[in-house]
Structures are given as structure tokens and as C-alpha cells.
Amino acid sequence: MRTMIAERKREKRCVVDALVVACTRVCREHVALELSIREFPASEPGQFLELLCRATNAAEPALRAWTDDGFPSLVNSELSTQQPFLRRPFSIADRWSAADDTVRLGVISRTVGAGTRWLEGLKSGDTLSLTGPLGRGFRIPSRETPVVLIGGGVGLPPLLYLTRRLAELGHRDVTAIFGATTRDLLPLRFTGDVSCDGAPAACIEWPGTASFPTIITTDDGTLGLRGRVTDGLSAWHARRSAATRNAVVMACGPDAMLRAVARVTRERGLDCQLCIERNMGCGLGTCLSCVVRVRDAAQPAGWRWALACSEGPVFARDELLDYSA
Amino acid sequence: MAYAFTRVNASTGYVIGWNSARRDQAGPRKKVDNSSPETVTPGRALTAPLRPVMLAVMDVSSDPTPDPRLRVNLGGLDLRNPVLTASGTCGYGPELADLLDYRRLGGFTTKSVTLEERPGNDPQRVVEVRAGLLNAIGLANVGLQRFLVEKLPFIRTMPTVVLVNVAGQRVEDYVAVAAALDEHACIAGIELNVSCPNVADGLSFGTNPVRLRQVVAAVRKELRRAKLVVKLSPNVTDIAELARAAVDGGAQILSLVNTYVGLSIDPDTWRPRLANVTGGLSGPAIKPLALYNVHRVYREVARPAGIPIIGMGGIQNAADAVEFLLAGAAAVAVGTTLFVDPTAPLKIAAGLAEYLTARGLPHVAALTGQLQLGAAENCTPTAHVPS
Ligand SMILES: Cc1cc2nc3c(=O)[nH]c(=O)nc-3n(C[C@H](O)[C@H](O)[C@H](O)COP(=O)(O)OP(=O)(O)OC[C@H]3O[C@@H](n4cnc5c(N)ncnc54)[C@H](O)[C@@H]3O)c2cc1C
Ligand SMILES: Cc1cc2nc3c(=O)[nH]c(=O)nc-3n(C[C@H](O)[C@H](O)[C@H](O)COP(=O)(O)O)c2cc1C
Ligand code: FES
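Residues numbered from 1 in each chain as written. Chains lettered and ligands numbered in written order. Predicted model: local features only at pLDDT ≥ 70, side-chain atom pairs only at ≥ 80, totals over all residues.

1. Structural notes on the overall build of chain B
Working step 1: A count of helical and extended segments in chain B gives 9 helices and 18 strands.
Working step 2: The proportion of buried residues among the 387 residues of chain B is 54%.
Working step 3: Considering only contacts within chain B whose residues lie at least 6 apart along the sequence, 75% involve residues at least 24 apart. (Helix = DSSP H or I, 4+ residues; strand = E, 2+ residues; numbered from the N terminus. Buried ≥ 20, exposed ≤ 12 C-beta atoms within 10 Å, placed from the backbone. Contact = placed C-beta atoms within 7 Å.)

Below, the structure written as C-alpha cells:
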């Protein structure tokens, strides 16, 4: 019987108001949010949050005080929401416990529209309503398995959280390949020299105790290897002996990049997990908007629609019909 | 005339009910004597400011004690409060079970169930528009057989009134699904979706009075136990005509509105944003349209026939719910807002209780259909201080 959302065991999710500890610019068009919450359910890298990109109480019309000679009236409630109505999905970019025992969540947002512009303007001390943790994250292999993380542009955030987790679990053989069209669209903090020949180097700031060699690629060659992340993967592959190439690749980024990663990993016989983006109306499994085709031998057509928000956003490459051909 | 719900409030002596014969005259009202049981007072003045009720105030862990002022008898369905979820926005139950405390929910409406399983439309299925949502899901659902096997066991455990929404393309389909569902005591009611604008062949039932009456009558004949709710489409010239057809066919409750047909175009590509081209508009954008339809159906059909209305369309908060009740709804449903805040129905119920307290109203049913239509000086909300 196929896996149904209802049958899958799921950590409890919650809707909470988080406190914005900091909102800092990391590079052009990207801000990093540090959020503080008293309690938050267990989460895994690859899972995401739905952020309300407007004031928490925007939907609540303000009620005027009652007067002796009349009734209170609502301040025109028709005008109370001019900002994005639906929440917006964002990967958990990091999670740690603060000294005061609160849960800290990191989010990296690229400003592309009304909702993300609102996020960009948050100040420390503001509140932000979030729902999470949502979806299913990366399946982490055994400690001995080499891991290659491939992130393109705004696909980097979940991989940063993943590196923290991999370090905690004692993984040593981890290589990151992070790319963007150009240097200032990489939401990373650089601490060392970036090699431009595709040699992995310790060059960026990591969350937690992580410290993994990294290959940086840019389409225009403004930083690191000139080319795509798949060129970085080829460079990695070329440097490895046959015995140490048997890696699990975990990738997140734009769809075109994920398709390319799917193709290259299949050609090279590497196991691969993809964290995909879909148009999401709710993130909760109820609006049915975030569909993606997954293979299902039980179906006459050989596939069915899966909900990226609940069965994903991380899928094994070979589950996904549209990333295989 | 028999009321589906009538109760005399001991402290005020008011006769209250969702369908109040004393409101037969919809014309201007004179200022009335507050002590008369004829009066449904719009409330009393308070000196303290009213604040929206926060969920944090409610203790979600303890067993909830329902507020008797919110309890409504909706055409034979006993709801602990008049706030339901709307079909297609809350799945079949398990999807929101960890977020929405069903013990506090007035009622739950499932996603549409059809006789055969339906995969639904290609993406893009949903697009956000100003203050609303345009969707063309294509009635994606598991079909009757899998619903009974996979979904019903959970529904059996849900501590709230459950309505199962049924859609179809032929009268026989509706009848077959409804008859199968009627066997199960955990299903309190069946809501006929005769109005989903996304599936071309389903449209005709909701827009043609003759066929609507026919399908409603055919389903009603099969039902031994479950109450029959008919959900009206707003995509018609005269919704009252369709409401009348549904009532003549045997509808016990009317729900409205379903989504409004809409279109969104990408000015860059000159293509529709939805793969299905058109979609159904929901959310705050449709609230005034929905309110108008609820009020029209209430005055023209529901009130004279003694049929209660579940009002919906863009409800976000208790103030919105009050508007629907005043327009003639006996209960309300929350749809698109659940995508933003799955706990919204509980906040709305709490907000309604607060509203009743602030206004000194004995029961939520005292709001139904109380829209004041007379000249302002004749129907100024009068202060009432309960004895
Ligand atoms: C599971 C998941 C995780 C994500 N994680 C991150 C993250 O960590 N950081 C981040 O910056 N963004 C992330 N996104 C994308 C982010 O959700 C969108 O950029 C955001 O919703 C845009 O909102 P807006 O109101 O600013 O833009 P809108 O005004 O809604 O749209 C502006 C532009 O952004 C595009 N857009 C809108 N929604 C999406 C989407 N879901 N995917 C791709 N493009 C979109 C639109 O097509 C449009 O061109 C994630 C998306 C998903 C589905
Ligand atoms: C994504 C989505 C799916 C829906 N699916 C159904 C459905 O399957 N059956 C149905 O009768 N109504 C369906 N509706 C309509 C809602 O139940 C409701 O009538 C409408 O959205 C108006 O209420 P709202 O503005 O509160 O959402 C759907 C609405 C949305 C937004
Ligand atoms: S985003 Fe709503 S079901 Fe996936």
C-alpha cells in the first residue's frame, strides 16, 4: 500500500510567534533572520517553516473603545490586510539552543516579492508568526558514507542546517559545492581563500561545529570555479579514488539545477536526494497545490501526484518522475 | 411555525432562534422597548475597550467546556459552536489534527469525495491574488472506496460534527456516494457540492434549478440518517432561485458560497497563471459578495422555509463571522483562512463568545438575520442592560 500522509508518523507541528533576534544582510538580496522561540518541536534539515509575511494581528481588526453614547466600531476592517495573505515557505537554515535555553532558528530569505520584502524590513524585537516544522527532511546516511552537498543560490539554507547536523552526528567525509550566478548572490560568510580550480577548501563560516571543505562556483567566474555546481561535482569526482567516490548527494536549488544534478549523479552512479520547491498554498497538506509527480507502480500511469509539502520537500531522485529523464 | 432551534433564555425572557418569525417584516424597524420579548437587542454599551481574544488565553490541554451561548442546533445537527471548517481546506481530518483541536471545533467538512478517485489538475493549481486565492485543484480526491477504507477510521474518532462533502458528474454518482456514506453514524451530514466551477461537467447542477432540484431530491430519498446540506454556487444570475430549487428538492441546510469563477493572467507570458485557465476565487476578496448572497438567500428562501444557512466566504475573524450571522447565517465556515492559521475557527468561536458578553446577548442565535435595514434613526442599536 502506498504511503499516505495520514499514515506517516509525523512530529507535532505548531503555530507560534517567534521573536526576531536579528535581521542582517548577508549578501545582495539576502537577509538572515535569527528567531527565538521558547519551545519548538524536533526538526530535521530539509524541513521548512511557513512564515506570515505581515503583522501577526493584521487580520484582527482593531476595535475602538466603547463610548457612553454609542457603540464601538471596527476600524475599517476591509482595509486591515494589504499585505500577502498566504504564508510563505522557507527552509530552516539553522537551529540551535541559546544560552537562555530558548530555541533559535535561522532563516535566510532572498527578496523576490512582497512577502520577502516585508521580511527584509524586520527589526530585532519584532514578532514573526511561523508554522513548523513542516515536511520531510533529508535522510542522513551512515557516518562512513561520503556526503556531497550541492546548493544553488537560494537552495543553500537547508544545507547549512544539514552541515550542523552532519557534524553533530560525527560525519567527516562531507564536501559542499555551493554555487550562484554571481559572487554577491551567495548567502555565505567567507573566512578563507576560495580556490578557483575546483579544489575543496576551508573557506566559509559554518554553523555549530561543522567545518567542511567547500567548492564555490559562479556562472560568471567572479568567485571560485567558473561554471555550474555540476562542474564542481565533476571536479570533486575527478579528485576522488574509485573507493571513495560512492557518495550520497544531497541537493537543493532551482529546478533547472536539480535536473542537472539528477542527470549527472545518475550518470556517475551516485545516490541522490533532492530538496524541491513547489508553489505552496499552505505547507500543511490541505490545499493540494504543491503537487509533484512521483513514480508509483500501483498506478495505471505508473505515477501519482505527491504533495511536496508533506511527502517532501526532500525526495530520493528516483522517486521523482520529472527529474529522471 | 416550528423552529429548528428555539429556546427561552431564563434571565432575559427572550425567545431566540436562528429563524425568528418575528423578523418576518424586513422593513424599517421602529425603536423598540428593550424589555419586550419581541426585541432582539443589538447589545449594550460597554465602557471598557474590547480586545480580540488571543488563543493563548485558552487552555488547550484541559478538556474544553463548551460555552452554552454558542451551541446551535443547525437543522438537527447539534454543534458546540457555530464555526465549521469549509470543504477542501482541511483535508479529511488527520492533516490538521495536531494543529486544530477538534474538541473545540463546531464542525468539520471534508474535501469533496467523488465516486471514482480523481488525480486532479496539472499544476499550477493555486495562485494568490490580491486578498484572495484562485484555485483549480480539479476535485483531486481518493474516491469513495478508498475514502471508506483509509479516511473513515480517523473520522470515527473525531470529537466534532463531521460533514462529508460529495461531488459528482451524474445524479447516480451523487446518490451512490451519499447512500454509502449514510451507512456510517460518524458522518452527521452530507454536503452536496453542486457548484465546483473547475470541473466542466459538474457545473450544470449548481446553475440549473431543474437539475439541482432533481439531484437534491434523488439524494434526499436515499438518506435515512445523515442531514442533507446543499452548497450553493455563487456563479449564477439569481442565487435565490437555486436556493429555492434545493429546498424544494429536500435540502435541510443550505451552505454558501462556493468559490467565484475567476481568471489570472501573467502579463509577461500572456498566459493564464493556472494550468486549468480558470479557477475558483476564495478568501477575503469575496467576503462582500458572499455576504450579499447569504442575505439574499436568507430573506428570499431560507427564513420563509425555516432552513438554516452555513455562511462562508473570506471569513478571517470573529467580526467577519458576526457579519455573516447578521446577514442570515446560523453558522459559518472558515476556508482559505485555515491555510494561514489552522486554529482560526477556535479563535473565531472565542471571539464570538466575547462579542456576546460585550453586547449582553444571551445566545449567538440572537444575531442570525438581525441586519438592520431601516432608516438609521429608526434602528439605531439601542443599549440594553440585562436585569
Ligand atoms: C520548501 C520551500 C523552501 C523554501 N526556502 C526558501 C529559503 O530558505 N529562502 C528563500 O529565500 N526562499 C525560499 N523559498 C522560496 C520562497 O518561498 C519564495 O521566494 C517566497 O514565497 C516568495 O514570496 P514573495 O511574497 O516575496 O514573492 P511573490 O510576490 O509571491 O512572488 C515573487 C516572485 O517569486 C516567485 N516565487 C513565489 N513563490 C515561490 C516559490 N515557492 N518558489 C519559487 N519561486 C517563487 C514568484 O514566481 C514570483 O516570480 C522556498 C520555497 C519552498 C517551496
Ligand atoms: C483550495 C480550495 C479547495 C476547495 N475545495 C472544495 C471542494 O472540494 N468542495 C467544495 O465544496 N468546496 C471547495 N472549496 C470551496 C470552499 O469550501 C469555500 O466554499 C470557499 O473557499 C469560500 O470560503 P473561504 O473564502 O473561507 O475559503 C475549496 C476552496 C479552496 C480555496
Ligand atoms: S502546500 Fe498546501 S498541500 Fe502542500
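So that's the structure; there's more coming.
2. Quick notes on the site of ligand 1
All names here are of chain A.
Working step 1: Near ligand 1 lie 21 residues; those nearest to it are Arg88, Arg110, Gly113, Gly115 and Thr116.
Working step 2: Of all the secondary-structure elements, those providing two or more residues to the shell around ligand 1 are strand 4 (88-91), strand 6 (103-110) and helix 1 (114-120).
Working step 3: Among the elements that make up the shell around ligand 1, the one with the highest residue count is strand 4 (4 residues). (Near = placed C-beta within 6 Å.)

3. Some details on the site of ligand 2
Working step 1: With respect to spatial proximity, 28 residues lie near ligand 2, and among them Gly88, Ser112, Ser282, Gly335 and Thr336 of chain B are the closest.
Working step 2: Mapping the residues adjacent to ligand 2 onto the chains of the assembly identifies chains A and B.
Working step 3: Here the shell around ligand 2 is composed, by residue class, of 10 nonpolar, 16 polar and 2 charged. (Nonpolar A, V, L, I, M, F, W, Y, C, P; charged D, E, K, R; others polar.)

4. Observations concerning the sheet that holds strand 10 (residues 214-218) of chain A
Residues and elements named next belong to chain A.
Working step 1: Here 7 strands make up an open sheet; going across it, the order is 11-10-9-8-12-13-16 and the pairing mixed. Two strands lie at the open edges of the sheet, namely strand 11 (225-226) and strand 16 (314-316), each paired on one side alone.
Working step 2: Inspection of the sheet shows strand 8 (residues 147-152) paired to strand 9 (residues 174-180) by 6 bridges, in the parallel sense. From the neighbouring strand, Val147 faces strand 9, where its bridge partner is Val174.
Working step 3: Lying on the sheet, helix 2 (residues 156-168) is in contact with strand 8, strand 9, strand 12 (248-252) and strand 13 (271-275); it crosses strand 8 at an angle near 155°.
Working step 4: Where helix 4 (residues 255-267) meets the sheet, it contacts strand 8, strand 12 and strand 13, and its direction lies at approximately 170° from that of strand 13. (Pairing = 2+ DSSP bridges. Axes fitted to C-alpha atoms, helices over the stretch in contact; angles between N-to-C directions.)

5. A short note on the nonpolar core
In summary, soluble globular proteins display a tendency toward joint burial of nonpolar side chains.
Working step 1: Within the largest apolar cluster, 196 residues are counted, with the highest numbers of intra-cluster contacts made by Ile190, Ala246, Leu254 and Val332 of chain B.
Working step 2: No fewer than three residues from each of domain 1 (5-60 + 74-134) and domain 2 (147-275) of chain A sit in this core.
Working step 3: With residues up to four places along the chain from it excluded, the contact list for Ile190 of chain B reads Leu163, Val164, Val166, Ala178, Leu181, Leu223, Ala226, Leu228 and Val229 of chain B. (Core = buried A, V, L, I, M, F, W, Y, C linked by C-beta atoms within 7 Å. Domains from an automatic or database assignment.)

6. Focus: the packing of helix 6 (residues 287-305) of chain B against helix 7 (residues 318-327) of chain B
All names here are of chain B.
Working step 1: Relative orientation of the contacting elements helix 6 and helix 7 amounts to 25°, with a least axis distance of 8 Å. By the criterion of interaxial angle, the relationship of helix 6 to helix 7 is roughly parallel. For the pair formed by helix 6 and helix 7, the contact residues are Lys287, Leu291, Val294, His295 and Tyr298 on the first element and Asp320, Glu323, Phe324 and Ala327 on the second.
Working step 2: Of the residues that constitute the contact of helix 6 with helix 7, the class distribution is 5 nonpolar, 1 polar and 3 charged. (Parallel < 35°, antiparallel > 145°, perpendicular 65-115°, else oblique.)

7. What about the domain arrangement of chain A?
Residue and element names in this part refer to chain A.
Working step 1: Here the domain parsing of chain A yields domain 1 (5-60 + 74-134) and domain 2 (147-275).
Working step 2: Here domain 1 and domain 2 have C-alpha centroids that lie 26 Å from each other.
Working step 3: Listed as interface residues are 15 residues of domain 1 and, on the opposing side, 16 residues of domain 2.
Working step 4: At the level of secondary structure, the elements contributing two or more residues to the side of domain 1 that touches domain 2 comprise strand 1 (14-27), strand 5 (94-97) and strand 6.
Working step 5: Top element by residues in the side of domain 1 that touches domain 2 is strand 5. It accounts for 3 residues.

8. Concerning the pairing of strand 6 of chain A
Residue and element names in this part refer to chain A.
Working step 1: Among the 8 residues in strand 6, 6 count as buried, and that is most of the element.
Working step 2: Direction of pairing for strand 2 (residues 30-37) relative to strand 6: antiparallel, over a ladder of 8 bridges. Across the sheet, the residue bridging to His30 is Arg110, located in strand 6.
Working step 3: Note: strand 5 against strand 6, 4 bridges, orientation antiparallel. The residue bridging Asp94 from the neighbouring strand is Gly106, located in strand 6.
Working step 4: Connecting strand 5 to the next strand, strand 6, in antiparallel fashion are 5 residues, including Asp101 with a positive phi near 75°.

9. Thoughts on the confidence of the model for chain B
Working step 1: Confidence in the prediction of chain B, expressed as mean pLDDT, is 83, and 78% of residues score 70 or more.
Working step 2: Both confidence scores are given for the complex: pTM 0.87, ipTM 0.89. (pLDDT = per-residue confidence, 0-100.)

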